Structure formats: structure tokens, C-alpha cells
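Structural characterization, general
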Amino acid sequence: MIVLHTVIAIVLVVGLIIKAKVDPVISLILGSLYLGLATGVGFVATIAAIATGFGEIMAEVGLLIGFGVLIGALLHAMGAFRKMVALLVTGVGPGRLPYALTAAVATVFPSIYVDVQVVLAAPVARSSGPYIGRTGLPLMAGALGTGIFAGFVFVIPGLAAVSIAGLLDIPLGSWLVYGLVLGPLTALVTTLLFRLLLRGKYWKPASDERVGEAMAELESTELVTEDTATPPLFVCLLPILVPLVMIAFGAFAELLGFSTDFIAFLGDPNLALFVGLLGAYLLCRRTLGADGTGRAMNEGFHTTGQILLITGIGGSLGAVIGETGLDTVLADLFTADAGAPVILSILLAWFVAAVLHLAIGSVSVAAITAAGIIGPVLGSVEMSPIVIGLAIASGAMFALQVNSNFFWMFKSLLGLSTQGTFKTLTVVTSIASVVSLPMVMATALIT
């Protein structure tokens, strides 16, 4: 019954948002209340889980969102993203832009947490869309989404990849060899398939895009009047590049065992993005003066509030699901089939991770929980642990949707409607999960 009520809650939320046009905040709260009460979590515990889930997400990503959106607002006001997009178009051409973006994100940025990646990369994806054509925005959004999560689950030091390898006692060097192939390949194939899907009447800009909301407002706040007024592109990018380097250095220091308190301090994403914000602020003051900088900051504050609320409520539903005991149900399922054939074991590991992701709404939590469930019975499965680990990674990507705080961040930062976010993020993560599964099966033949 827990699984049934979880499915009903998610369908309820989706139906209210898409069909009844109910605001996502109200829909998510109603779904959370139904699930908690229907599964016996209790009146008080359900409310406590909603509040705790909101608070935990805000503690994890609140400052990241705020600092990141403000950096984007300041850089946009200076015309930095327009310069960056022009360079990309000249360098790789409009047709190759989606592939360049997804490959770069999947291979270079997995050391950066997914929430930070989307905050920093969304303005580039949005600004690049018009150069590609009518479906440029969804294509760039899909490329960004699949690149982020293919890297996150497959490529070291992505959090999900490192967590799965650690829980299943897989040497990171071995994982790195397979992950560096599966991650970028999954991202590129998924982007190609999604581009083919967009050639028909799949995308409807009138209902799938929200150009008048949230980050779209920033597009009208570019305050420079000519390129010569903007600092050189490399200088403009420093507020993004410096935080990336700081975070990556901290991640690799911890991974390689030479981290200290000071290195961990420098590599903390909150501090890194604050350094980036400070740099962007100083650049903007020098370029636009106090009044122009104030206007850009105000636009960023306006956008931040909306994103923070919907992100926090998305975390509430995940917290209620966590109180239902769904992970125990799935643990019993895998234990019962521990001696299954190779292909069936891969499919079962993929299925457990996929269901956990659909229920919990967090790729990292789904991957970690699935690895924790499967790890104790791994000795009964006659295959290399890395194959099961890669199957978990593949399944953990499946169908990112409304109970994920990332879904709502993605929606707001890319300027999409809820329906448009389903058509991009949910679809590409589903495609990526399914596309990577045969690749995982192929690894069973060579391990």
C-alpha cells in the first residue's frame, strides 16, 4: 500500500498542476498531506516532515540559489552572457552547441554539486537557445539536464558516483575508467535522441515556455549599451570560474586525502559562490555604477524568492515519502531475488534505484539508498560489483520530476512552464536512464 499511495500522491500533484492549473506550491503541499495521512505517518509527524523537509533543503541549497541567481543577474546586466554565447556560436557553431554543452558538463563539472551547476549554467543555456531556432531553448535545456545528471551518477567525483562506489567497495580508479566512457556517451546519445524528438510538434512554445516569468525578467535588464562598456569576457567569467575552481579543488583534496579544515573552508560551495558574488558585484559597480548595480541586484532578489519557496516545498514531499518506509519495501524485494541471473540482477538493481528516485525525488539519495539496500546482499550476486553499481547509477537518473527540488529550480532558471519542464528535464533523464542501461549490460561482458 505504501507504493500505491506514493504513486497516487505523485499523480495527484502532477494532475493538479497540469490539468487543474493549481499553483505548484499548493499542489505539492496537498500531495504531501495526502501521502503522510494515507500511509499512517500521522497528523503531527506529517506536518513535521513537511516543515523539516523544507528546512533541510533550504539549509543545503538556500544560499547556493541566492548567491548563484545574484551572480547571474549581475553578469547579465553587464552583457557577459551575450558575449559568452557569441563566442560559443563562433567557436563551435549553433548546431554543435547542445553537444558541446552536454559533453562539457558531463565531463568537466561533476565535482560541482548539481544545484550549483544549474544555477551557473542556466543563463548560458537560455541565452544560446535563440541561435539554434524555435526549439533552441528546450534543446539546450535538455542538453544541460542530461549532462548534469549523466556526470553526477557516472563520473568521478560526482557525488552519486563516489557514494555508490564507496558503499559497494568499488575502487574509484576502476569506476573512473567505466564512468568516463558511460557518462559523456550517455549525455551525447540522449541529446541526439532528444533533438530528433523535437523535430515534430512535440514542443509548443506558447504553453511550454514562460518567457514573462522569473529569469526571463533578467533578459530585459541588460544595462550596457555597447560591448566596449563590458569588461573582457575572461574577466566577466571570473565570478563563475573562481567558484568552480575552489569547489573542484576542495572535492579533489577530499577525494585524494590531503584535505584540511582550511581547504574544506575554501572549497565549501557556499563560500565559493559568495566569493563569486563579491567579484561580480565589484565588476558591476565598476561597469554600471551604484544605480545600475542596485537595479541588477533587485531583479536577482525578486527572482530568488520565488525559486526558494518552490524549491523548499519540493523538498517537503520528498521528506514525507522518506517517513513512509518505502526503502524497507524495496530492500525486501531485492533480497528475495539475490540469486537471480546476471541480466535480471542488473534490471533489478536499476529498478530499485529508479523506484526510489521516483518516490524520493533525489538522485543522490536514491543512489545512496539503493546501494545501501543492495550492498549487504551483493555477495549472493555472481557478477562484478561495478556492474551492479553502474546499474544503480543508471536507474537513479530515471524520470526526475515534481518531488525534486532540482525540478523547480530548473523550471524557474530556464524559463519553462511546469509542462515544459516535464517535456525537457523529466524526458531527458528518462531517456538517459534507459539509454545507459544497455551500456551497463555490455560492461558485464568485459568485467
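Nothing here was measured: the structure is a model prediction, and the numbers come from that model. (Residues numbered from 1 in each chain as written. Predicted model: local features only at pLDDT ≥ 70, side-chain atom pairs only at ≥ 80, totals over all residues. Heavy atoms only, no water.)

Another aspect to go through is the pattern of salt bridges. Side-chain pairs of opposite charge can arise where the charged atoms are in close proximity. One pass over the full model with this rule turns up one salt bridge. For Lys423, the salt bridge goes to Asp208, with nearest N and O atoms at 3.0 Å. Highlighted residues: Lys423 in helix α19 (residues 418-443) and Asp208 in helix α10 (residues 205-208), separated in sequence by 215 residues. On the basis of relative accessibility, which here comes to 14%, the residue Lys423 falls in the buried class. Given a relative accessible area of 0%, Asp208 falls into the buried group. (Salt bridge = Lys/Arg side-chain N within 4 Å of Asp/Glu carboxyl O. Helix = DSSP H or I, 4+ residues; strand = E, 2+ residues; numbered from the N terminus. Buried < 20%, exposed > 50% of the residue type's maximum accessible area, 1.4 Å probe, protein only.)

Attention shifts here to helix α5 (residues 97-108). Here α5 contains twelve residues, and its C-alpha end-to-end distance of 16 Å stays within 8% of the 16 Å for a straight helix at 1.5 Å per residue. The complete set of buried residues in α5 reads Leu97, Pro98, Leu101, Thr102, Val105 and Ala106. Mapping the buried residues of α5 onto a view down its axis gives an arc of 150 degrees, with all of them on the same face. (Expected span 1.5 Å × (residues − 1). Arc of directions from axis to C-beta.)

Here we take up the confidence of the model for the chain. On average, residues of the chain score 84 in pLDDT, and 89% of them are at 70 or above. Low pLDDT (under 50) marks residues 214-220, which in the prediction has 21 contacts with non-local residues, meaning those over four places away or in another chain. (pLDDT = per-residue confidence, 0-100. Contact = heavy atoms within 4.5 Å.)

The next point concerns the packing of α5 against helix α6 (residues 114-132). As a packed pair, α5 and α6 sit with axes 11 Å apart at the nearest point and diverge in direction by 170 degrees. Comparing their axes, α6 and α5 come out roughly antiparallel. Two packed elements cross with a definite hand, and for α5 against α6 that hand is right-handed. Contacts from Leu97, Pro98, Leu101 and Val105 of α5 reach α6 at Gln117, Ala125, Ser128 and Ile132. (Axes fitted to C-alpha atoms, helices over the stretch in contact; angles between N-to-C directions. Parallel < 35°, antiparallel > 145°, perpendicular 65-115°, else oblique. Left-handed = near helix turned anticlockwise from the far one by under 90°.)

Here we come to the nonpolar core. Ranked by size, the top nonpolar core spans 99 residues in total, and within it Val118, Leu144, Phe149, Trp175, Ile392, Phe406 and Leu414 carry the most contacts. When near neighbours in sequence (up to four residues on either side) are disregarded, Leu144 contacts Leu101, Val105, Val118, Ala121, Ala122, Ala125 and Leu414. Leu64, Ile71, Leu244 and Ala280 belong to the second largest nonpolar core, which has 25 residues in total. (Core = buried A, V, L, I, M, F, W, Y, C linked by side-chain atoms within 4.5 Å.)

Moving on to a nonpolar patch on the surface. The grouping of Phe234, Leu238, Leu241, Val242 and Val275 at the surface amounts to a nonpolar patch, some 380 Å² of accessible area in total. If you tally residues by element for the nonpolar patch, the top one is helix α11 (residues 233-256), at four residues. By secondary structure assignment, the location of Leu241 is in helix α11. Relative accessible area serves as the criterion here: at 34%, Leu241 is assigned to the partly exposed category. (Patch = residues over 30% accessible without salt bridge, like charges linked within 9 Å, V, L, I, M, F, W, Y side chains within 5 Å. Areas by Shrake-Rupley, 256 points an atom, 1.4 Å probe, with all protein chains shown as cover.)

Not every positive phi belongs to a glycine, and Lys21 is a case in point at roughly 60 degrees. The backbone of Asp169 shows a phi angle near 55 degrees, a positive value even though the residue is not glycine. Its place among the elements puts Asp169 in the loop between α8 (159-167) and α9 (172-197).

A separate point is the side chain of Asn403. With respect to the helices and strands, the residue Asn403 is situated in the loop between α17 (385-396) and α18 (405-414). For Asn403, the side chain forms a polar contact with the side chain of Gln401, separated by 2.8 Å. Among all residues touching Asn403, those that are not within four sequence positions of it are Ile10, Gly314, Leu317, Gly318, Ile321, His357, Leu358, Ala359, Ile360 and Gly361. (Polar contact = N/O pair within 3.5 Å; in protein donor to acceptor, adjacent residues only side chain to side chain.)

Let us look at the state of the cysteines. Under the counting rule described, the total for this entry stands at zero disulfides. Unpaired in this structure, Cys236 has its nearest cysteine sulfur neighbour in Cys284, at a distance of 9.9 Å. According to the relative accessible area criterion, Cys236 is buried, its value standing at 0%. (Disulfide = S-S within 2.5 Å.)

With 26 residues, α9 should reach 38 Å at 1.5 Å per residue; the first-to-last C-alpha distance of 36 Å fits that figure. Gly179 marks where α9 bends most, by close to 35 degrees. All of the buried residues in α9 are Trp175, Tyr178, Gly179, Leu182, Gly183, Pro184, Thr186, Ala187, Thr190, Thr191 and Phe194. Looking at the buried residues of α9, the elements they touch are α5, α7 (136-154), α8, α17 and α19. (Bend = angle between axes of the 7 residues up to and from the residue.)

In the structure shown here, the tally under the stated rule is ten aromatic pairs. Aromatic side chains Phe149 and Phe406 sit 4.8 Å apart centroid to centroid with 80 degrees between the ring planes, which places their arrangement in the edge-to-face category. Here Phe149, found in helix α7, pairs with Phe406, found in helix α18; they are 257 residues apart in sequence, far enough to count as distant. As far as the burial class goes, Phe149 and Phe406 line up, both buried. Chaining the aromatic ring pairs together yields one cluster made of Phe149, Phe152, Phe406 and Phe410. (Phe/Tyr/Trp six-rings, centres within 6.5 Å; stacked < 30°, edge-to-face > 60°.)

On the secondary structure map, Gly389 appears in helix α17. Classification of Gly389 as buried rests on a relative accessible area of 0%. Linking Gly389 and Ile164, residues 225 residues apart in sequence, is a C-alpha distance of 6.1 Å.

Along the chain, Thr424 falls in helix α19. Given a relative accessible area of 0%, Thr424 falls into the buried group. In this structure Thr424 touches Pro138, Ala141, Phe194, Trp203, Phe410 and Leu416, once residues within four positions along its chain are discounted.

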